[in-house]
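Coordinate inspection notes
Spelled out from the first residue to the last, the chains are:
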Amino acid sequence: MLTDEEFFTGLNLEVSSLKEVRTAVERGDISAAVEAFARYFRLRKSPCWFFDWRDGPRLESPRPDTEHADRYLKHEWFWNGRWFDLGEDIDWSSNQMTEGESATIEWNAALNRHYHLLVLAEAYWRTGEEKYAEEVITQMLDWIKKSPMIDYSGNSPYHYAWETLNTAIRAGNTWFNALYRVMPSRAVTDRALITILKSLVEHARHLDEYPTRGNWLTMESAALFTVGTMLPEFKESAVWRRHAVERLHMQMKEQVYPDGLEYELALGYNNFVLRNFMNVLELAKLNGRLNELPEDYVSNLERMFNYLVYAVMPNWLVPGLNDSGNASPEELLRLGYKYFPHREDFLWVATRGMDGRRPQKTSVAFPYSGHYVMRSGWDKDSLYLLFDAGPFGAGHQHEDKLHIVLYAYGRQLLLDAGNYMYDRSRWRRYVLSTRGHNTVRVDGCDQNRRNRRETWVLPYPFKPLPNLWVSREEFDYAEGTYDSGYGPENLINVTHRRAIFFVKPRYWIIVDTLKPQDEKEHEYESIFHLDADSAKLDPEDKTVITLNSDTNLAILPLKTPELKAEVIKGRREEPVQGWAGKPWRPVPTAIYRKRVSGTTRFLMVLYPVPPGGSLPVVGVEPLETGPDAAACLIRFLDGSAHAFIYADKGGVPRRYGSFETESKVELRKITPEGEVKGKPLSYP
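About the cut-offs
- Residues numbered from 1 in each chain as written.
- Predicted model: local features only at pLDDT ≥ 70, side-chain atom pairs only at ≥ 80, totals over all residues.
- Heavy atoms only, no water.
- Helix = DSSP H or I, 4+ residues; strand = E, 2+ residues; numbered from the N terminus.
- Rg over C-alpha atoms; globule rule 2.2 N^0.38 Å.
- Buried < 20%, exposed > 50% of the residue type's maximum accessible area, 1.4 Å probe, protein only.
- Contact = heavy atoms within 4.5 Å.
- Pairing = 2+ DSSP bridges.
- Axes fitted to C-alpha atoms, helices over the stretch in contact; angles between N-to-C directions.
- Parallel < 35°, antiparallel > 145°, perpendicular 65-115°, else oblique.
- Left-handed = near helix turned anticlockwise from the far one by under 90°.
- Nonpolar A, V, L, I, M, F, W, Y, C, P; charged D, E, K, R; others polar.
- Polar contact = N/O pair within 3.5 Å; in protein donor to acceptor, adjacent residues only side chain to side chain.
- Core = buried A, V, L, I, M, F, W, Y, C linked by side-chain atoms within 4.5 Å.
- Expected span 1.5 Å × (residues − 1).
- Phe/Tyr/Trp six-rings, centres within 6.5 Å; stacked < 30°, edge-to-face > 60°.
- Lys NZ or Arg CZ within 6 Å of the ring centre and 35° of its normal.
- Salt bridge = Lys/Arg side-chain N within 4 Å of Asp/Glu carboxyl O.

Let us look at the overall build of the protein chain. When its secondary structure is counted, the protein chain shows 16 helices and 28 strands. For 684 residues, the compact-globule formula gives about 26 Å, and the C-alpha radius of gyration of the protein chain, at 29 Å, lands near that figure. Structurally, the protein chain occupies a C-alpha span of about 100 × 55 × 50 Å along its principal axes. With 684 residues in all, the protein chain has 59% of them scored as buried. Taking contacts inside the protein chain between residues at least 6 apart in sequence as the whole, the part at least 24 apart equals 64%.

A word on the sheet that holds strand E10 (residues 475-482). Reading across from one edge, E9-E10-E11-E12-E21-E16-E15-E14 is the order of the eight strands in this open sheet, with antiparallel pairing throughout. In this open sheet, the two edge strands, each paired with only one partner strand, are strand E9 (468-471) and strand E14 (535-537). Taken over all neighbouring pairs, the strand axes of this sheet differ in orientation by 15 degrees on average, direction set aside.

Further remarks concern the packing of helix H6 (residues 116-127) against helix H7 (residues 130-146). The contact between H6 and H7 brings their axes to 7 Å, and the two run at 150 degrees. The angle between H6 and H7 falls in the class roughly antiparallel. Considering how the two elements wind past one another, H6 and H7 form a crossing that is left-handed. Of the residues in H7, those in contact with His116, Leu117, Leu120, Ala121, Ala123, Tyr124 and Thr127 of H6 are Glu130, Tyr132, Ala133, Glu135, Val136, Gln139 and Met140. The residue inventory of the contact of H6 with H7, partitioned by class, reads nine nonpolar, three polar and two charged.

Here we take up the environment of glutamate 660. Residue placement: glutamate 660 occurs in strand E26 (residues 659-661). Ignoring any residue separated from it by four or fewer positions in sequence, one finds glutamate 660 in contact with Arg654, Arg655, Glu666 and Arg668. In this structure the side chain of glutamate 660 is engaged in a polar contact, spanning 2.6 Å, whose partner is the side chain of arginine 655.

The subject of this paragraph is the environment of valine 440. Within the fold, valine 440 resides in strand E8 (residues 440-442). Assessed through its relative accessible area of 0%, valine 440 is described here as buried. Separated by 42 residues in the primary sequence, valine 440 and tyrosine 482 have C-alpha atoms spaced 9.9 Å apart. When residues no more than four places from it in sequence are discounted, the contact partners of valine 440 are Thr434, Gln447, Tyr486, His496, Arg498, Asp512, Leu514, Tyr524, Glu525 and Ser526.

Checked against the element boundaries, tryptophan 584 lands in the loop between strand E18 (579-580) and strand E19 (585-586). Judged by relative accessible area, which is 27%, tryptophan 584 ranks as partly exposed. Spatially, the C-alpha atoms of tryptophan 584 and asparagine 419 are 9.2 Å apart, while their sequence positions differ by 165 residues. Setting aside residues no more than four positions away along its own chain, tryptophan 584 makes contact with Ala417, Asn419, Tyr420, Trp427, Tyr430, Val431 and Trp579.

On to the pairing of strand E16 (residues 552-557). Buried residues dominate E16, accounting for six of its six residues. Residues of E16 alternate between two faces, with Asn552, Ala554 and Leu556 on one and Leu553, Ile555 and Pro557 on the opposite face, all of them buried. With two bridges connecting them, strand E15 (residues 544-546) and E16 associate as antiparallel partners. By the bridge assignment for E16, isoleucine 545 is matched with alanine 554. Joining the antiparallel neighbours E15 and E16 is a turn of five residues. By the bridge criterion, six bridges tie E16 to strand E21 (residues 600-609) in an arrangement that is antiparallel. Looking across to E21, one finds that proline 557 is bridged to methionine 604.

With that settled, consider the nonpolar core. Core analysis: the biggest nonpolar cluster contains 172 residues, and Phe37, Leu301 and Leu606 have the highest contact counts within it. Per-element accounting of this core gives the leading share, ten residues, to helix H8 (residues 164-182). Counting residues in each nonpolar core, the second largest holds 27 residues, with Val470, Phe501, Leu556 and Leu681 among its members.

What follows is about the sheet that holds strand E24 (residues 641-647). The sheet built from five strands is open, its strands ordered E22-E23-E24-E27-E28 with antiparallel pairing. Because the sheet does not close on itself, it has two edges, and the strands there are strand E22 (617-622) and strand E28 (676-683). In this sheet, neighbouring strand axes are inclined to one another by 15 degrees on average, regardless of whether the strands run parallel or antiparallel.

Because each turn of an α-helix spans 3.6 residues, side chains separated by three or four positions in sequence point in the same direction. Relative to the 28 Å expected for 20 residues at 1.5 Å per residue, helix H12 (residues 267-286) spans 28 Å between its end C-alpha atoms, a close match to the ideal helical length. A positive phi of about 65 degrees marks glycine 288, the residue just after H12.

Attention shifts here to unusual backbone geometry. In this model, lysine 504 is joined to proline 505 through a cis peptide bond whose omega is -5 degrees. Residue placement: proline 505 occurs in the loop between strand E11 (494-503) and strand E12 (507-516). Residue proline 684 is bonded to the preceding tyrosine 683 through a cis peptide linkage, with omega at -5 degrees. Although it is not a glycine, leucine 402 adopts a positive phi angle of roughly 75 degrees. In this structure, leucine 402 sits in the loop between strand E5 (384-388) and strand E6 (403-408). In this structure leucine 402 comes out as buried when scored by relative accessible area, which is 0%. Although it is not a glycine, aspartate 443 adopts a positive phi angle of roughly 55 degrees. With respect to the secondary-structure elements, aspartate 443 resides in the loop between E8 and E9.

What follows deals with the packing of aromatic side chains. Within this structure, the stated rule accounts for 48 aromatic pairs. Here the aromatic rings of phenylalanine 7 and phenylalanine 8 are separated by 5.2 Å at their centres, their planes lie at 80 degrees, and the arrangement is edge-to-face. Members of the aromatic cluster, joined through ring pairs, are Phe7, Phe8, Phe37, Tyr40, Phe41, Trp49, Phe50, Phe176, Tyr180 and Phe234. If you follow arginine 71 out to its NZ or CZ, it ends over the ring of tryptophan 83, 4.1 Å from the centre. It is arginine 375 that lies over the ring of tryptophan 378; its NZ or CZ is 3.8 Å from the centre.

Remark: H7 packs on H8, axes separated minimally by 9 Å, with the N-to-C direction vectors making an angle of 140 degrees. What the angle tells us is that H7 and H8 run oblique. The two elements H7 and H8 meet at a crossing, and its hand is left-handed. When H7 is examined against H8, the residues Ala133, Val136, Ile137, Met140, Trp143 and Ile144 are found in contact with a partner set consisting of Arg170, Trp175, Ala178, Leu179 and Val182. A per-class count over the contact of H7 with H8 returns ten nonpolar, no polar and one charged.

What follows deals with the pattern of salt bridges. Working definition: two side chains of opposite charge can pair if their charged atoms are close together. A full pass over the atoms with the stated rule returns 55 salt bridges. Residue lysine 198 is joined to aspartate 4 by a salt bridge in which the shortest nitrogen-to-oxygen separation is 2.8 Å. Within this pair, whereas lysine 198 is found in helix H9 (residues 190-209), its partner aspartate 4 is found in helix H1 (residues 4-9), the two being separated by 194 residues in sequence. A residue is classified by how much of its surface remains accessible, and lysine 198, at 6% relative accessible area, is buried.

So, in structure tokens, the structure goes:
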């Protein structure tokens with residue numbers, strides 16, 4: 001811990017506002033210096049925080065609910081849906097989740113981030129009752145006493161008190177927010193205040209010395225900028241701010257793809273990164289330090305807000321892939337609109353269509369992140385699909401390439417299994433695995449990009465992915481490939497190419513081509529996690545349809561002799577299957593299997609059925625074509641049909657049914673009288 005002498009040596013005592021402190025230091029009266037600096041700190045008008053502690057506490061009537069704060073007073077601690085007893089004497093290095101498959105390091109990491117202090121501080125702010133402020137200060141001082149600063153990063157081997165992310169969350173969020181809420185309290189004595197400020201100086205020095213990468217680095221840098229802004233009296237503060245801004249600016253260029261997603265490709269962490277960028281911007285603006293940010297700092301952020309607009313589902317949530325769940329972009333987009341007032345589509349999404357202007361585009365490609373959004377429109381009943389054909393991600397990755405989520409007629413119909421606590425459980429292994437996603441497994445094995453680091457992020461300077469994307473008025477088409485191998489050592493050498501054709505505005509056709517590099521038989525599983533309580537499998541034609549009371553989804557496969565199908569829901573034993581999060585629950589999961597040698601394909605029609613409607617498709621029939629293509633006839637109840645072909649490449653004459661084409665993909669609409677209606681939907 002810094003000594004008092006070291007604290008005062010670190011101050012720039014030449015500034016006139018610290019004259020009284022300098023005088024006390026020069027005469028060696030440290031007690032007087034502590035008193036003088038504490039008095040100066042309380043009286044200073046700048047720098048400014050996001051709220052003014054002089055405005056409170058604000059006593060509310062009737063008295064607000066303080067149940068959580070009251071339990072925190074008794075050293076009970078709430079985490080991950082459970083209460084834990086920390087005991088009379090808190091051990092900040094303890095971990096009460098070290099046994100069994102739920103063992104996790106996150107328990108202690110969360111304890112050392114001190115979010116619970118915000119609950120206590122807010123209780124003081126809203127009631128004026130000193131006991132809450134006293135507990136905030138007591139716990140902060142207790143942590144400082146028991147957690148002396150270390151001389152390494154604390155990240156590996158783990159030292160949770162000073163792990164850089166935990167350090168950054170305290171310095172950039174919980175400590176200033178808690179301290180500034182309780183500043184009016186008698187619990188904030190001169191000695192307590194100086195002790196906390198000394199620790200914040202140590203926090204800044206630690207973060208300055210041990211920068212990391214990814215979402216951690218933005219939090220570390222935002223915290224470094226925060227301390228440098230809120231403690232400008234320190235000689236190092238300008239250096240802290242400069243280093244923070246340099247690191248953040250580098251991240252904007254090298255760790256955020258040009259299409260707006262942070263390179264971990266996990267929505268929750270992307271939004272965390274964006275919030276940190278914005279917190280620095282807001283704090284700089286509040287304190288007249290915008291001149292310390294690069295000229296393009298603000299303009300670099302527009303693309304990140306743009307992603308949130310165009311990836312949002314009709315229910316106003318953005319799908320959460322990798323270690324993330326679906327999340328609302330509304331708060332961020334309101335903030336984005338403040339800085340980009342010409343982007344009225346930011347406001348439109350932020351207000352759920354009540355204000356602003358709806359986005360100009362419907363379907364959109366994010367060619368660096370590898371996300372392809374197909375949508376029929378912007379009303380609440382629009383159809384929506386997100387196709388993930390991007391890199392593995394710099395962190396928080398799932399083995400989920402070519403995964404899809406689907407939403408239609410007011411309901412999500414295909415979902416991601418989501419995220420799970422970072423522990424040792426079967427549930428955690430499941431959400432990380434290919435079997436927890438809507439893509440294809442081979443020989444009972446998952447994709448394994450984790451074993452091939454070159455698949456994690458795009459090389460810098462970034463270039464767009466080579467995935468095929470076509471968007472036209474009547475259809476969208478996207479194609480992506482997984483070719484990094486399956487199994488623990490990537491020894492199952494099968495290439496999976498997924499093609500998705502959106503017949504606007506009604507349904508999708510998915511073609512999965514599996515091409516092994518050997519002549520052996522392989523078993524393939526095509527998986528679909530359904531957002532429903534139950535689903536029905538037709539044993540004859542292998543169609544699966546959800547049994548929701550409102551919107552439903554039918555999966556209609558092109559049936560081949562070797563095709564098998566089953567629906568699994570809530571299997572608990574390994575390998576876990578049929579689960580999804582938010583909330584964690586069993587969901588019916590359709591699995592289509594075939595065991596064959598050589599190149600094979602799954603062709604599936606995904607047809608959403610609106611509330612009160614019935615499935616209009618009566619069958620998906622094969623059409624003969626060559627070995628380098630797949631074709632089908634989709635028949636409807638009214639006697640009409642769609643003839644569809646998918647080929648490995650265009651420019652080759654092919655016949656399917658009574659039609660000829662050289663297109664790579666083509667769909668022809670046929671009237672009940674057997675006549676072709678309009679021009680074919682085709683590419684190229």
